Amino acid sequence: MTLREKVAYIKGFIKGGGINEENLGQIIELIVDALDEVASAINRLEETQLDLEEYVESIDDDLASLEKDLLGEEREPGFGDDFEEVECPHCGEMFLVPVEDFLSGEEVRCPACGKAVVPGEGDRANGDGK
Ligand SMILES: [Zn+2]
């Protein structure tokens, strides 16, 4: 009998004969039996939940270390965190631009000659790299 069936049985039992001194003991026995099943069902749920919590935590840890690995390899520590060095293709001046501008390829003005410079383009044009 499932728990639901047991409860239905108890309900039917009470509905059919009412509660009296004669059947009270039997009714309590049935109720306690059902309660016992409720308790073990909750127990199973708790165990399952603990397993799930542990599992989710381990996934979270894996994700965190994966994230660290991925980002750690892309970023170079120290210089270049926020600025990138650019060489002006017109006058050869070296100057810094914010890394966002560098990555977006937006034009900046050379502080020495005032001409437009597209960050990263000069490096590619004269081919000497860094
Ligand atoms: Zn310049």
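Please read all numbers here as calculations on a predicted model, not as lab measurements.

## Describing the overall build of the protein chain
No. 1: Helix and strand counts for the protein chain stand at four helices and four strands.
No. 2: Each helix (α) and strand (β) of the protein chain, taken in turn from the N terminus, gives the series α-α-β-β-α-β-β-α.
No. 3: The buried share of the protein chain, reckoned over its 130 residues, is 4%.
No. 4: Taking as baseline every contact in the protein chain between residues at least 6 positions apart, the subset at least 24 positions apart corresponds to 32%.

## A closer look at the confidence of the model for the protein chain
No. 1: With 85% of its residues at a pLDDT of 70 or more, the protein chain shows a mean pLDDT of 84.
No. 2: Considering only residues more than four positions removed or in separate chains, one finds that residues 124-130, a stretch of pLDDT under 50, has two contacts.

## What to know about the environment of M94
No. 1: Within the secondary structure layout, M94 lies in strand β2 (residues 94-98).
No. 2: Between the C-alpha atoms of M94 and C110, which are 16 residues apart in sequence, the distance is 8.8 Å.
No. 3: Among residues more than four places away in sequence, those in contact with M94 are E85 and E87.

## Details of the pairing of strand β1 (residues 83-87)
No. 1: Sheet analysis places β1 next to β2, joined by five bridges and oriented antiparallel. What sits directly across from F83, in β2, is P98.
No. 2: Where β1 folds back onto β2 in an antiparallel hairpin, the turn is made up of six residues, including G92, whose phi is positive at roughly 80 degrees.

## Observations regarding helix α1 (residues 3-17)
No. 1: In a regular helix each residue adds 1.5 Å, so 15 residues correspond to 21 Å; α1 covers 21 Å between its end C-alpha atoms and thus fits that length.
No. 2: Here α1 lies mainly on the outside; zero of its 15 residues are buried.
No. 3: Phi for G18, located one or two positions after α1, is positive at around 65 degrees.

The rules behind each value
- Residues numbered from 1 in each chain as written.
- Predicted model: local features only at pLDDT ≥ 70, side-chain atom pairs only at ≥ 80, totals over all residues.
- Helix = DSSP H or I, 4+ residues; strand = E, 2+ residues; numbered from the N terminus.
- Buried ≥ 20, exposed ≤ 12 C-beta atoms within 10 Å, placed from the backbone.
- Contact = placed C-beta atoms within 7 Å.
- pLDDT = per-residue confidence, 0-100.
- Pairing = 2+ DSSP bridges.
- Expected span 1.5 Å × (residues − 1).

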